[in-house]
Amino acid sequence: MSRLPATARREQILDVALGVFATAGFYGASMNDVADAVGVTKPVLYQHFDSKHDLYRALIDEAGNRMLTSIGKATANTTGGRERTERGFAAYFRWVADDGEAFRFLFSSGTRRDDDFSSAIREITAQAADAVAPLIDVEIDADHRMTIAHALVGMAEGASRQLVQRGGDFDPDEIAAAISSLAWAGLRAIQPLGAD
């Protein structure tokens, strides 16, 4: 295999390792498996990652960044609440459709069994809710807004789990249209806490 610059090699390892771990999980895959899949020796892996745990943790960050970046780009130049809701869900479901391995990796039960990994997933979920909260175009207090943002993130994750478990292709725009319509209808009905 040709010698790649360190940053390119690291990206290659992350891309290939994502597929290995998405399929086998943390406990089912070894560093030997990753090295074989990448086409490098195990010492090359250890030049970039101190341990399997370190590699797996870097993958969580990478997959989370991919998801958050896709949503952020899609909603950056939107003006109205409905448009933001539609574009945010569309970007999310396109990410699931196009980067299904990253979704399976992030939201598999195996990733949540380790306290460190579970904490990292909670942080990504919190960042997703932080990104969603300003898109909620309803006059409510900040705590209520964050609760609703987490609910929207959970709704998208739940729908995605069902789609991925079902297998096969799905139309991300069609799913996004249905879920964003549901979300928008719900957001329009929200009243401030304590309101009659």
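Bear in mind that the values here come from a model prediction, so they are computed numbers and not experimental data.

A. Representation of the environment of Gly 81 within the structure. Position of Gly 81 relative to the elements: it lies in helix H5 (residues 81-98). Spatially, the C-alpha atom of Gly 81 lies 9.7 Å from that of Arg 188, the residues being 107 residues apart in sequence.

B. Just the packing of aromatic side chains, in detail. In this structure the tally under the stated criterion is 12 aromatic pairs. Aromatic pair Phe 26 and Tyr 56: ring centres 5.0 Å apart, planes at 75 degrees, arrangement edge-to-face. One end of the pair, Phe 26, is in helix H1 (residues 6-28); the other, Tyr 56, is in helix H4 (residues 52-75), and 30 residues separate them in sequence. The burial state of Phe 26 is the same as that of Tyr 56; both residues are buried. Aromatic ring contacts, followed pair by pair, group Phe 21, Phe 26, Tyr 27, Tyr 56, Phe 105 and Phe 117 into a single cluster. Here the guanidinium or amino end of Lys 52 rests over the ring plane of Phe 26, the centre of that ring lying 4.4 Å away.

C. Broad picture of the side chain of His 48. Here His 48 shows up in helix H3 (residues 42-48). On the basis of relative accessibility, which here comes to 18%, the residue His 48 falls in the buried class. Apart from residues no more than four positions distant in its own chain, His 48 is found in contact with Ala 6, Arg 9, Arg 10, Ile 13 and Asp 54.

D. Molecular detail of the environment of Ala 176. Here Ala 176 lies in helix H9 (residues 172-189). Sequence separation between Ala 176 and Gln 47 is 129 residues; the distance between their C-alpha atoms is 41 Å. Discounting residues that sit within four places of it in the chain, Ala 176 has contacts with Phe 89, Ala 90 and Phe 93.

E. Up close: helix H8 (residues 142-166). When the terminal C-alpha atoms of H8 are compared, their 36 Å separation across 25 residues agrees well with the 36 Å that a helix rising 1.5 Å per residue should span. Taken as a whole, H8 has its buried residues at His 144, Arg 145, Ile 148, Ala 149, Leu 152, Val 153, Ala 156, Glu 157, Ala 159, Ser 160 and Leu 163. Elements that come into contact with the buried residues of H8 comprise H5, helix H6 (100-107), helix H7 (115-132) and H9. Here H8 starts with a cap whose side-chain oxygen sits 3.1 Å from the backbone nitrogen of Asp 143, and that cap is Asp 141. Note on H8: the residue one or two positions beyond its end, Gly 167, has a positive phi of about 80 degrees.

F. The arrangement of the confidence of the model for the protein chain in detail. Per-residue confidence for the protein chain gives a mean pLDDT of 86, with 94% of residues at or over 70. H9 is the least confidently modelled element of the protein chain, averaging 85 in pLDDT, while helix H2 (residues 31-38) averages 96, the highest of any element.

G. View of the packing of H5 against H8. Closest axis-to-axis distance for the H5/H8 pair is 11 Å, and the angle between their directions is 30 degrees. Handedness of the H5/H8 crossing: right-handed. Two secondary-structure elements touch here, H5 through Phe 89, Tyr 92, Phe 93 and Val 96 and H8 through Leu 152, Met 155, Ala 156, Glu 157, Ala 159, Ser 160, Leu 163 and Val 164.

H. Summary view of H6. A large share of H6 lies buried, amounting to 6 of its 8 residues. Of all the residues in H6, the buried ones are Gly 100, Ala 102, Phe 103, Phe 105, Leu 106 and Phe 107. Where H6 is buried, its residues touch H1, H4, H5, H7 and H8.

What counts, and at which threshold
- Residues numbered from 1 in each chain as written.
- Predicted model: local features only at pLDDT ≥ 70, side-chain atom pairs only at ≥ 80, totals over all residues.
- Heavy atoms only, no water.
- Helix = DSSP H or I, 4+ residues; strand = E, 2+ residues; numbered from the N terminus.
- Phe/Tyr/Trp six-rings, centres within 6.5 Å; stacked < 30°, edge-to-face > 60°.
- Buried < 20%, exposed > 50% of the residue type's maximum accessible area, 1.4 Å probe, protein only.
- Lys NZ or Arg CZ within 6 Å of the ring centre and 35° of its normal.
- Contact = heavy atoms within 4.5 Å.
- Expected span 1.5 Å × (residues − 1).
- Polar contact = N/O pair within 3.5 Å; in protein donor to acceptor, adjacent residues only side chain to side chain.
- pLDDT = per-residue confidence, 0-100.
- Axes fitted to C-alpha atoms, helices over the stretch in contact; angles between N-to-C directions.
- Left-handed = near helix turned anticlockwise from the far one by under 90°.

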